[in-house]
Amino acid sequence: AAVNKFVNDKSENAYEHLVDELLASPHFGERWGRHWLDKARYADSDGYEKDRPRYNAWKYRDWVIEAINSDMPFDQFTIEQLAGDQLEHPTINQQLATAFHRQTLTNTEGGTDQEEFRVAAVFDRVETIGTVWLGLTVGCARCHSHKYDQISQREYYQLFAYFNNGDETTTKIPSSAVAQEKYTSEKALFDAKHKELQQPLNARSNELQPAFDGWLKDLQAKHDAAKSQSTSNLLKAGSAISTGGATLKPLEDGSYLATGKQTVQDVYELRYQQTDAEKTETKSHEIAGLRLELLTDDSLPKKGPGRSNGGNFVLSEITVDIFSEGDGATRQKFRSATADFSQKEFEVAQAIDGEETTKGWAISPQPGKPHAATFLFEKPLSHEVVFERELLVRLSQQYTSNIHTLGRFRIEWISTVQAELISLPESVKTILAVEATKRDKKQTDALLAYYKSQDEKYQRLKSVVDAHQKKAPFNPAMVVRVIKSRTESPRETRIMKRGDFLQPQGPVQPKTLEVLTDPQIANEGTQSRLDFSKWLVSGKNPLPPRVFVNHVWSHLFGNGLVPTVNDFGVRGEAVSHPLLLDWLANHFIESGWGRKELIKTIVKSQAYQRSSAHRPELAELDPTNRLLYRQNRFRVEAEIIRDLYLSASGLLEARIGGPSVFPPLPPGIADVSYANNFKWGNSDWNSRPDRPSGASPKEDIYRRGMYTFFKRTAAHPNLVTFDCPDSNTSCVDRGSSNTPLQALQTLNNNVFVDASRAMADLLLKSADLTSDDQRLGELFRRCTGRPPTNVEMQILQKLLHDANAYYAASPKAAIALAKTKNQDDATSKAAWVAVSRTALNLDEFIMRE
């Protein structure tokens, strides 16, 4: 729209208005932010072997976009990223800015020496700053003094010292200002209502306090009595037999080990009766149930506790019969069965359901370890019954597929006092075992909480409070990675022999490069990372403004005034226009380090506005165009190629900022992840309720390429094919290759075919386009920014004619390409899709000229 306005505006200020409008566009921050993210080595994953995802990395990307859109002065832009945490009372955004340092690779492989990779990260920070701000290959001095530039190895580690005490940490930050404002408002309303609901619960809690002391005293007495009471020996097993013929061998600990013969189905019968010696000592005892312990044994498969090949068992039914003279046997009913673990569909309750079937209690997948189940009677056995009668315990095992009988087991009888305590949570039992005088407040509070949980009124009020708590508004705060200076145990920086962290040499203090140092700001040993960042943009350091100006120039012209944009040292190429570079650097500083002012100054120049058309008469004088007799012609970056297709066809989702997205990925790309630990689209953000308004997976597919999730070890092929950097190190100058694969990609990849299909729909459905020639003209203008020549129009007309004829004769191919079931519509649409694919794949479409 801005360009159309410029074309139609014949006034002298039309171009300047166009420039101002584009600089003010909210997409300006995205365009120039992408350049900066290359320098910052931004990615959405850790790198190295595991390359785990960083689902929170996008907050730094948003910071960059917002900072550039607001035209944050470059000196402030520098200071906040390098030392925002050291500013006085740093804001959340200033802390977030230090995520620039956290774009380094992180090794999470097991067994690594974390100090080695911490040092590697600091190396990367030093060398990134050397490249981005100084335009120097300072990394060459890591192992030895620089072979060409005036940078000694000592000076390298003096720079290292500025960053050696910056610890990698995290902080919380709202996902967005809008989300935070909404949360604050909703949280205030929620808190007021929650306080109102909490009042009656607090009142009931106060009412229960007096009764709690008496309850605890009584419970403690029962616990102590149960501890001293022994029911395990209350009844002695007179016999233990297996109806299937196995031998139940008694062991010293009171357990039985099944040996010998094995049958698929079996019943173990154990008869218990009180001995005369015990009758006078246990008259007051009542038996409330029994505890069946399943124990492991080396003689059993997988150590048991069952006799199956896998160590499992199936207890179909457990019964207890009471015998008396003349009356025969009476079967005791159970009221409950609990176990420490039950196999799915083989729950312990099936062992007391009254049916001896193939189902029952089992413990897969947890064989090889002891287990226990407690069975409580419907009514306790009185001491008279215990005194006078015989008890028969039957362990019925009726599983039919293969042998699943018990291997080693023990039965313990439970008194009524013990049964009362069995239902208590293990945490309560543990606290009761501690002497009352030795309990701390936390333990006492835990007992009080359990007591309250048994009160019906308290629980009713608490359920209301708990239900309301579940409706608490979602806190949009998210954890982000930042840098923070350590305040305790500062590290001493030493020169490392040949860059090896295991070979530290003499100590060094923070200090800038001597060749660049202004004596007034070089205070060895007292400088901080903040001092260093201020030194970079003090105006007295000649390199940062010139390096930055050269970066901007290279993005606008395709080449820098210094072609080696990463090397201003003696081995770099000489500047083509030294006075121009000096003037632009000084103008940049004097204008307040404004990025937009610098860009506006350059693009208003005659040099920028020159045609990129080749001029044969000057080709021999300036074959590489160093003197800028014309504008340069170069291909746009990988992300922009995709954006152009989406924009021209009307598919582009222009929403700014937010989490990285997952457009369709060819199969097998994500599978190369370490141990298959990453699934494309597996973002925890997708399920969060504070996702940006209107976002949907379909819309995410067509967002700008800069928002595509970038996994270092498995980057999206649309990016890799067009020379996107790997983000392992800083990139200030993207390379540009020319391969057949690129043409195949834009012709056949899903997103590019989708764009061609959308372009065809746009042309066919536009009410303003009533003829094929108008549609062809609009298509060409959208793809090249100009009308077609007569020759180009004739070629397009023939292509459309041939495509119509082909798809009329190939209905299946037409339907497949057009993605419509109507044959009449399919032929015409498929022809236009084919023509659109051709126009969108013109070299002129992806070249800036």
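The shown structure was predicted, so the numbers you read here are calculated from the model rather than taken from an experiment. (Residues numbered from 1 in each chain as written. Predicted model: local features only at pLDDT ≥ 70, side-chain atom pairs only at ≥ 80, totals over all residues. Heavy atoms only, no water.)

K.L.:
Any chance you could explain the overall build of the chain here in plain terms?
P.N.:
Scanning the chain for helices and strands turns up 30 helices and 17 strands. Here the chain has a C-alpha radius of gyration of 39 Å; the compact-globule value for 849 residues is 29 Å, and the former is much larger. In terms of overall dimensions, the chain has C-alpha extents of about 130 × 80 × 60 Å along its principal axes. Evaluated residue by residue, the chain yields a buried proportion of 48% over its 849 residues. Restricting to contacts in the chain with at least 6 residues of sequence separation, those with at least 24 account for 73%. Here the chain has roughly 41200 Å² of accessible surface; of this, 51% comes from carbon and sulfur atoms. The positive charge centre, built from 105 side chains, and the negative charge centre, built from 110, are 1 Å apart in the chain. (Helix = DSSP H or I, 4+ residues; strand = E, 2+ residues; numbered from the N terminus. Rg over C-alpha atoms; globule rule 2.2 N^0.38 Å. Buried < 20%, exposed > 50% of the residue type's maximum accessible area, 1.4 Å probe, protein only. Contact = heavy atoms within 4.5 Å. Areas by Shrake-Rupley, 256 points an atom, 1.4 Å probe, with all protein chains shown as cover. Lys, Arg positive; Asp, Glu negative; His and termini not counted. Charge placed at Lys NZ, Arg CZ, Asp CG, Glu CD.)

K.L.:
Before we go on, may I ask you to explain the sheet that holds strand S5 (residues 266-273) in this structure?
P.N.:
In sheet architecture, strand pairing relies on hydrogen bonds along the backbone and comes in two forms, parallel and antiparallel. A sheet is described by the order of its strands in space; here five strands give the open sequence S2-S5-S11-S7-S8, paired in antiparallel fashion. Two strands close off the open sheet at either side, each with one partner strand: strand S2 (236-242) and strand S8 (328-331). Within this sheet the neighbouring strands show an average axis-to-axis angle of 25°, counted without direction. Where strand S7 (residues 317-324) lies against S8, four bridges are found, and the strand directions are antiparallel. Opposite Phe323, over in S8, you have Ala329 as the bridge partner. (Pairing = 2+ DSSP bridges. Axes fitted to C-alpha atoms, helices over the stretch in contact; angles between N-to-C directions.)

K.L.:
Is there a simple way to think about the sheet that holds strand S9 (residues 334-339) in this case?
P.N.:
Ordered in space as S3-S4-S12-S6-S10-S9, the six strands form an open sheet in which the pairing is antiparallel. Of all strands in the sheet, those with a lone pairing partner are strand S3 (246-250) and S9, marking the two edges. Going from strand to strand, the sheet's axes swing by 25° on average, the running direction of each strand aside.

K.L.:
I keep staring at the environment of Ile363 and nothing clicks. Help me out?
P.N.:
Structurally, the position occupied by Ile363 is in the loop between S9 and strand S10 (371-381). The exposure class of Ile363 is buried, given its relative accessible area of 0%. For the pair formed by Ile363 and Val314, sequence separation is 49 residues and the distance between their alpha carbons is 8.2 Å. Ignoring any residue separated from it by four or fewer positions in sequence, one finds Ile363 in contact with Pro305, Gly311, Asn312, Phe313, Phe341, Gln343 and His371.

K.L.:
Looking at this structure, I do not really get the pattern of salt bridges. What am I missing?
P.N.:
Under the counting rule described, the total for this entry stands at 53 salt bridges. Across the salt bridge formed by Lys303 and Asp298, the nearest N and O atoms sit 3.9 Å from each other. Salt bridges sharing partners connect three or more residues here, namely Asp253, Glu293, Asp297, Arg408, Arg410 and Glu412. (Salt bridge = Lys/Arg side-chain N within 4 Å of Asp/Glu carboxyl O.)

K.L.:
How do you make sense of the state of the cysteines when you look at a structure like this?
P.N.:
Such a bond, covalent and formed between the sulfur atoms of two cysteines, is termed a disulfide. Overall, the coordinates contain zero disulfides when judged by the stated rule. There is no disulfide at Cys140, and the cysteine sulfur nearest it, in Cys143, is 9.6 Å away. Given a relative accessible area of 38%, Cys140 falls into the partly exposed group. Considering cysteine sulfurs only, Cys724 is the nearest to Cys731, which forms no disulfide, with 8.4 Å between them. By relative accessible area, which is 14% here, Cys731 ends up buried. (Disulfide = S-S within 2.5 Å.)

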